Each structure stands twice: as structure tokens, then as C-alpha cells.
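# Summary of structural features
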Amino acid sequence: MAQQVYLDKEKLICSICLDLQKDPVTIPCGHSYCVECIENFWGEEQNALSCPQCRQSFTSRPVLVRNTILAELVEDARKAELQPSSSERSLTGPEHVDCDFCEGKKLKAAMSCLNCLASYCELHLLSHFRVAGLKKHKLVKATLKLQENICPHHDEVMKIFCRTDQKCICVLCSMDEHKGHDMVSAAAERAERQTKQGLDRQKVQQRILKLEEDLEELQQMVETINLSAEKSIKESQNVFKSLIRLLEQKCSEVEQKVKSYQMEEVRKVEELQEKMQQEITKLRKTEAELDQLSSTEDHLHFLNNYSSLSDLSVCTDLASFQQAQHCFDDALKAVSEATEKLEETLRDQTTKISHTLDVILFEDFRSREDFMKYYHPITLDPNTVNTHLSLSEQNRTATLTNVKQKYSNHPDRFVERWQVLSAEGLTGRCYWEVEWSGGVFVSVAFKDISRTGTSDECGFGLNDKSWALSCSSTGYIFSHNKISVSISAPQSSRVGVYLNHRAGTLSFYSVSDSMTLIHKVQTTFTQPLYAGFWVWPGGMIRLLD
């Protein structure tokens, strides 16, 4: 809307006073002027009058008729001029360039001349199209940056490009401080660079096309990952559902077998109970007959009947039935053992799955900044340090000395080896860096590593409780549980250590301008780890902040 108001205003300007028309009147040729301007232009003449713009002649002084519609448009333009939100932005906005030749209120410049170093409105620009000497001037879209074409030293137009110094200069510069340099006209350099710009633009377009193809490929990759993850989850759920059904089925089978055995044993016990009850009845009868026989006075009768009454046979054996309880206990024990084995298998396999995902998803580091996201500050524990190691810099530096240090007695102190552990236990993801000199072991170890005894028991890398990288001028050697591997890697006085405790990965890096992997371990850590250092004669380590 503001643009439209401005264009209308241009058409409402009187070409005589170059301002908005006042009391506009229209003459026979159709052009309009301020009534006062056109009357002053014609003066006292009555005949041979002409239009100031089209030069049409009139035989008699025309009658001046007020243009009502034009007057209303001029009034609207004047109102719009009082509104900063429209007219101020149109005339004095950041893109507006004033005509250098307008007097009073300046019109908006249409073009700028690189030869004249001036800007012109459409009216004042006409001379550059009519005057022969000005037709050769270089016209460009109106700009506020004309001064950039002027040499700051000689106030001359800069038309030459110095390829030696890669800058625009004027003729005087070419004969002075740029004398002997490789120079061409600014137009020639522009033409050459314009050609190169086309090639650069083509390369940019090709790069954009390649990136768009890569983006599409990445999007397809995302979709593939999502589908694979969904498939993996679904199939895993199906596997576990099948396992659950299998467990339920086996549980039902065990239940049925136990119940069948229970029913059979109960039947046998009930049969035995009935026999015992019959035997009790029989014995009570025998008991009564014995009592009666003992009271007879007939010796022959007693002797003839006693033998048959004294034969007391036992028809029951409880030992076989007591084994039933043991059978149930054995069945429960077997179920418990199967459950433990299943839990162990599931735990191991789940851990492997977790480790695999952690390694795949979370180990894509490309720069030191990626590692520093997991930086973990480490200090040396004075309670573990060997007495021939001197700690300094707030327990961040350890140096081997011949002078025995006065540390208090502590059960965690290394006695035989020149070693020290960190004060902090390490779990999760941790990264730290150490500077070394001489010869050292950069290690990690469990807290319960031996502090006394043989090298195999307490030396870093010589047992199953520690992992160590030997650093010396001869190279790197990695050791664990007395198994050592020589490693060829760039030498650096700084080693970075990255631990992913959950994923079971331990990595050592040579740190310089870039990160170079020295060695990586894949295992399972069953306890929190502690950073450890074994310093050799002439050696020193310093933990970096």
C-alpha cells in the first residue's frame, strides 16, 4: 500500500515547481499544473502559448479549469505525507536514495552514475539520455554506496583492479604504490569473475542437489531405522511371549505331574490307612481273646490256643511313604535350578544386547569436543599412593622420587609398586586426559586390587582386576591379566581415556591436533573402576583440568 501511494505522488508533482500541485488545473493538451505555476509561466502573454512539457502550442490563452479529481488525489497524498508509517518509510527508508540535484524537497533517485558519482531522479536523469557526452556514462540502480567507488587517497574513481593485492584502485594508484603489479580493468576482472561465478554457481547447485539427495537418503535411513527398530521390538515381544507361553506350559506340566503323583500317593496312603484300621480291629479282638485265654484254668486249652493268638504279623511299612515328601522337594529343587539357569541366560543375553546397542549408538565420536562432553575431573588419592611418589598441584600430579614421602599408614596404600589410584570411582561414561613423561602405565582398576604381594597380584595390567596402557619412548603396550599386546600408534605426550562402563568399552587415545585411537577394550565391568597410574624411574604424570 505504501508503494502505491508513493507512485501516485510522483504523478501528482507539478513539473514546474517540482512539488505537489496546488489547486491543480488542466490545459487542453491534458497536462496539469499548479494554477499559479502555469500562470506565472505564461506571464502576460495572450497568444503563442505552449505546454511546458509537450510543447503543444495554443493560439489563444486557454481557460484554466480546476481538476477536481486531481485535487482530491493531491489532498490524499498530502495526508499520506504526514503519516510516518507510510511516507517516511517510502522517502527515507534504508533503500531510499535522494536525488543529488533536486532543490528543496528531494525526490527519490532512480539511477546513479558511476562516472559523475551522483544519483538522479527521473527528471534530472533525462540529460544522461539526451546529452551526447553523458550517454556513455555508466548508469546503475540508485545506490548509497557510490563513495565505495572513490579512491580514499586520490579522490578518483577506481576503475582498475590490482590482481597482486586483490583490490580496486584508481589510475594514480596504478602509477604509484601499485606500479609493476598485475593489473586489469575492473570491467575485465568482473567479466572473468562473472564467468567463474557461473562455474561456482553451478558447483553450488550441484552441491545443493547432492545434499538434497543425501537428505533424502538420510530420511530413508531414518525410516529404515524406525522400521527395523519396530520390527526388532515386535519380534522380541513375540519371542518373550513365546517364552512366557512355554514357561506357562512347563509350569502346567509340572503342576499336572505333581498333582498326579499327589493323587497316587494319597490313594496308597488311604489304602494303607484302611488296612491299618482293619489291623487295629483284628488286634483288639486278639487282645480280648488273650485276656480271656489268660484267665482259663485249663492248661491244655491254653497251650492249644496260645500259638495261634501269639502270631502278630505287621502289615504296614511307612518308610516307602516318607519318600513322597523327598520327591516333592527334589521337584522343587529342579524347578529352582532351571529358573536360575534361565535368569542367568536372560541376564547375559540382555547385557550383550545392551552392550551392542551402546557401542553402535553412542560411540560415534569425531572430535575431542565430542569426548569432552563426558569429561570427568579426577584427583589422585593420597591414601593409595606409594611412598616414593610425590603428589602436587592439588593431587593432580605424581612424580617418582628417591626420597621416601611421609604419608600416614593406610591399608589402601600400594606398598611394593610405584602406583596410585584416583579418589573417584568411575561408572557410566567418563573421559579424562593425562600428560606423561619418562615411562608410565595409564590404567583402570577395581578397588579391591591387591596393595601388597607380587607384581602379578598388585601390578596394573598383570591381573584380571586391572587394564593398563604402557607409555614410553619405545611405543605403547596394552596389558591385561598378564597378556600384553604391542601397539603401533602416533606418539603423543598426552593420552585420553574414555570409559563406557555400562557398554563395557575402554578406549585409549593419542591426543594432539586430532584424536587417534591407540587401543580399545570390549569386556564386562562388574565393579566401579578407578583410574590408576604406575610411574617408572624418571617418570611423571599430570592429570589435565
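The structure contained in this document is the topic of the report that follows. These numbers come from a predicted model, not from an experiment. All residue numbers refer to positions counted from 1 along the written sequence of the respective chain. Per-residue local features of the predicted model are confined to residues with pLDDT of at least 70, and side-chain atom pairs are confined, for both listing and counting, to 80 or more; whole-chain, interface and lining totals are unaffected and use all residues. Computation of side-chain values: all heavy atoms of the structure, hydrogens and water removed.

## Brief notes about the sheet that holds strand 19 (residues 483-487)
Rule in force here: One requirement defines pairing of two strands: DSSP has to find at least two bridges between them. Helix and strand assignments come from DSSP, with helices taken as H or I runs of at least 4 residues and strands as E runs of at least 2, each series counted from the N terminus. Axis definition: a line fitted to C-alpha atoms, over the contacting stretch in the case of helices. Angles run 0 to 180 degrees between N-to-C directions.
Taken together, the six strands give an open sheet; going across it, the order is 14-23-16-17-18-19, and neighbouring strands pair in antiparallel fashion. Each edge of the open sheet carries a strand with a single partner, namely strand 14 (419-426) and strand 19. Looking at each pair of strands side by side, their axes are set apart by 20° on average, direction ignored.

## Let's talk about the side chain of H128
Here is the rule: Throughout this description, buried means an accessible area under 20% of the type-specific maximum (1.4 Å probe, protein chains only), exposed means over 50%, and partly exposed covers the range between. Any two residues having at least one pair of non-hydrogen atoms within 4.5 Å are treated as being in contact.
Of note, H128 is situated in helix 5 (residues 127-130). The class of H128 is buried, set by a relative accessible area of 3%. Discounting chain neighbours no more than four positions away, the residues touching H128 are C113, C116, Y120, L134, K135, H137 and L139.

## Re the side chain of S32
Rules: Between N or O atoms, a polar contact is any pair within 3.5 Å; within protein, one atom must be a potential hydrogen donor and the other a potential acceptor, and residues adjacent in sequence are included only when both atoms are from side chains.
Residue placement: S32 occurs in strand 2 (residues 32-34). We classify S32 as buried; its relative accessible area is 13%. A polar contact of 2.9 Å, which involves the side chain of S32, links it to the side chain of T26. Once residues lying within four places of it in the same chain are set aside, the contact partners of S32 are Q21, V25, T26, N67 and L70.

## Notes on the nonpolar core
Inclusion rule: Working definition of a nonpolar core: buried Ala, Val, Leu, Ile, Met, Phe, Trp, Tyr and Cys residues. They are joined through side-chain atoms within 4.5 Å.
Counting residues in hydrophobic clusters, the biggest one holds 38 residues, and the most contacted among them are W432, W467, L469, L506, F508, F533 and I541. Setting aside chain neighbours within four positions, we find I541 in contact with L380, R396, T397, A398, V434, E435, W436, V440, F533 and V535. One finds C14, V25, C34 and C37 within the second-largest nonpolar core, a separate group that totals 11 residues.

## A closer look at the sheet that holds strand 22 (residues 515-522)
A sheet is described by the order of its strands in space; here seven strands give the open sequence 12-13-24-15-20-21-22, paired in antiparallel fashion. The strands lining the two open edges of the sheet, one partner per strand, are strand 12 (389-392) and strand 22. Shown here is a sheet whose adjacent strand axes are inclined to one another by a mean of 20°, direction ignored.

## Brief notes about helix 2 (residues 35-42)
We apply this condition: The reported arc concerns the directions from the helix axis to the C-beta atoms and nothing else.
Residues of helix 2 that are buried: C37, I38 and W42. Buried residues of helix 2 fall within an arc of 125° about the axis and therefore sit on the same side. For helix 2, the exposed residues lying more than 90 degrees away from the buried face are E36 and N40. Against strand 1 (24-26), strand 2, strand 3 (49-50) and strand 4 (57-58) lie the buried residues of helix 2. Directly beyond the C-terminal end of helix 2, a positive phi value near 65° is found at G43.

## Considering the environment of Y120
Secondary-structure assignment places Y120 in strand 7 (residues 118-120). Classification of Y120 as buried rests on a relative accessible area of 5%. Taking C-alpha positions, Y120 is 7.9 Å from K108, a pair spaced 12 residues apart along the chain. Contact partners of Y120, with chain neighbours within four places excluded, come to C99, F101, A109, A110, M111, C113, L125 and H128.

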